[in-house]
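Secondary and tertiary structure notes
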Amino acid sequence: MLTVPVPCLSDNYAYLLIAPGTNECMVVDPSEGGPVLSALAQQKTRDGRALTVKAILCTHHHHDHVGGVEALVSELGVTSVYGYEADRGRIPAQTHFLTDGESFTFANMTITAMHIPGHTTGAVAYVVREGAADPIVFTGDTLFIGGCGRIFEGTPEMMHASLQKVAALPKETRIYCGHEYTESNYRFAATLEPTNLRLQKARERAATERRANNPTVPGTVEEELATNPFLRLDSAELRKALAIDAAETPAQMFAKVRAAKDVFRPSAPLSQPRVPT
Ligand code: ZN
Ligand code: FE
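Only a predicted model underlies this, so the values are computations on that prediction, with no experimental measurement involved.

Quick notes on the rules
Residues numbered from 1 in each chain as written. Chains lettered and ligands numbered in written order. Predicted model: local features only at pLDDT ≥ 70, side-chain atom pairs only at ≥ 80, totals over all residues. Heavy atoms only, no water. Pairing = 2+ DSSP bridges. Helix = DSSP H or I, 4+ residues; strand = E, 2+ residues; numbered from the N terminus. Donors = N, O, S within 2.8 Å, 3.2 Å for Na, K, Ca; no water. Tetrahedral: all angles 85-135°; square planar, octahedral: opposite > 155°, others 65-115°. Salt bridge = Lys/Arg side-chain N within 4 Å of Asp/Glu carboxyl O. Buried < 20%, exposed > 50% of the residue type's maximum accessible area, 1.4 Å probe, protein only. Core = buried A, V, L, I, M, F, W, Y, C linked by side-chain atoms within 4.5 Å. Contact = heavy atoms within 4.5 Å. Axes fitted to C-alpha atoms, helices over the stretch in contact; angles between N-to-C directions. Parallel < 35°, antiparallel > 145°, perpendicular 65-115°, else oblique.

**Some words on the pairing of strand S1 (residues 2-8)**
Sheet analysis places S1 next to strand S2 (residues 12-18), joined by seven bridges and oriented antiparallel. Across the sheet, Pro5 pairs through a bridge with Tyr15, a residue of S2. What sits between S1 and S2 in their antiparallel hairpin is a turn of three residues, with Leu9 showing a positive phi close to 45 degrees.

**Details of the coordination of the iron ion (ligand 2)**
Looking at the metal site, the iron ion (ligand 2) is ligated by Asp64 (OD), His65 (NE2), Asp141 (OD) and His179 (NE2), spaced 2.1 to 2.2 Å from it. If you look at the iron ion (ligand 2), its four donor atoms make angles of 83 to 170 degrees with each other, and the shape they trace is irregular. The motif formed by the donor residues of the iron ion (ligand 2), counted along the single chain, is D-H-x75-D-x37-H. In this structure the zinc ion (ligand 1) is found 3.2 Å away from the iron ion (ligand 2), and Asp141 serves as a bridging donor for the pair.

**Notes on the coordination of the zinc ion (ligand 1)**
Distances from the zinc ion (ligand 1) to its protein donors, His60 (NE2), His62 (ND1), His119 (NE2) and Asp141 (OD), fall at 2.1 to 2.3 Å. Donor residues for the zinc ion (ligand 1) sit on one chain with the sequence pattern H-x1-H-x56-H-x21-D.

**As for the pattern of salt bridges**
If charged atoms from side chains of opposite charge come close, those side chains can pair. Tallied over the entire structure, the rule returns 12 salt bridges. A salt bridge links Arg239 to Asp234; the nearest nitrogen and oxygen atoms lie 3.6 Å apart. Taking the relative accessible area as the measure of exposure, Asp234 reaches 70% and is therefore exposed. A salt bridge links Glu248 to Lys256, with the shortest nitrogen-to-oxygen separation between them at 3.0 Å.

**Things to note about the nonpolar core**
Within the largest apolar cluster, 61 residues are counted, with the highest numbers of intra-cluster contacts made by Leu17, Met26 and Phe138. In contact with Leu17, other than residues within four places in its own chain, are Met1, Leu2, Thr3, Glu24, Cys25, Met26, Phe106, Met109, Ile111, Val128, Ile136 and Phe138. Residues Val6, Cys8, Cys25 and Val81 belong to the second largest nonpolar core, which totals 21 residues.

**With respect to unusual backbone geometry**
Backbone torsion omega between Val217 and Pro218 reads -5 degrees, so that peptide bond is classified as cis. By the element assignment, Pro218 lies in the loop between helix H6 (197-211) and strand S14 (219-220). Positioned with a positive phi, Asp29 is a non-glycine residue whose angle comes to about 50 degrees. Among the secondary structure elements, Asp29 is positioned in the loop between strand S3 (24-28) and helix H1 (33-47). With a phi angle near 50 degrees, Ala243 is a residue other than glycine that sits in the positive phi range. Position of Ala243 relative to the elements: it lies in the loop between helix H8 (236-241) and helix H9 (250-262).

**Examining the packing of helix H4 (residues 156-167) against H9**
Close contact between H4 and H9 brings their axes to 9 Å; oriented N to C, the two are set at 100 degrees. The orientation of H4 with respect to H9, classified from their angle, is roughly perpendicular. In contact with Pro156, Glu157, Met159, His160 and Leu163 of H4, H9 contributes Pro250, Ala251, Phe254 and Ala255.

**Brief notes about the sheet that holds strand S7 (residues 103-106)**
Strand order across the open sheet formed by six strands is S7-S8-S9-S10-S13-S14, with mixed pairing between neighbours. In the strand order of this sheet, the two ends are held by S7 and S14, each with one partner.

**Observations regarding the pairing of strand S9 (residues 124-129)**
A large share of S9 lies buried, amounting to five of its six residues. The pairing of strand S8 (residues 109-115) with S9 spans six bridges and is antiparallel. Looking across to S9, one finds that Ile111 is bridged to Val128. Pairing of S9 with strand S10 (residues 136-140) involves three bridges; the strand directions are antiparallel. Looking across to S10, one finds that Val127 is bridged to Val137. Count of turn residues in the S9/S10 antiparallel hairpin: six residues, of which Gly131 carries a positive phi of about 50 degrees.

As structure tokens, then:
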């Protein structure tokens, strides 16, 4: 499987999930039609043949994840639009209403819906497996590289449980998330764990990628467990930084990290691509 990130809006990623050896793909979270159509056209020139979009996968109903669905349906005649069952009526042109754990196949891939409520009640991750290859997961606005989404419709308990579900995937699983928030996430993380060396390395790498105008996706479950503060509630340094008491439940600890992130404002500007001179 080949995953192509498509930058959309100011910091969103849609994705093309291409079945190797075929001209078929799926589109994940089309924020808007234009950039996705351009990415499809670019793939065509690279391979010499056009890609057919077989389906659209939506991680949740927010407009910056479904804003391009209707354009792709009308321009390309896409007939399958997947989302979680509870998003019925909220995802435009939805045709497939998935339940937790439900799987379907696409070319040689098996795609499994994982219900991960918290950011929204109908949030779903798509876990993609193909033979012996490392799995990949599209996490939408639930797990970001180095962070997690805001809790709009769920509770801290729900969001914490959902992040744990994603974190329980095999360590090699590659993570493709809905936004390029990595650098600001790492800045916040570094305020909680200033001596975490894995975090420092990941932060340097993210800055290098952003200066080159490259995406920081994919991450891996293994690296998130080592760097993402929302998955590091066992860190003594993090607990001290937030005055977390050992008697608190994991969901309460998680809520403290989320509350601190909600009010965190990075002081310096993030890395910008170098302008060629
Ligand atoms: Zn969202
Ligand atoms: Fe979003």
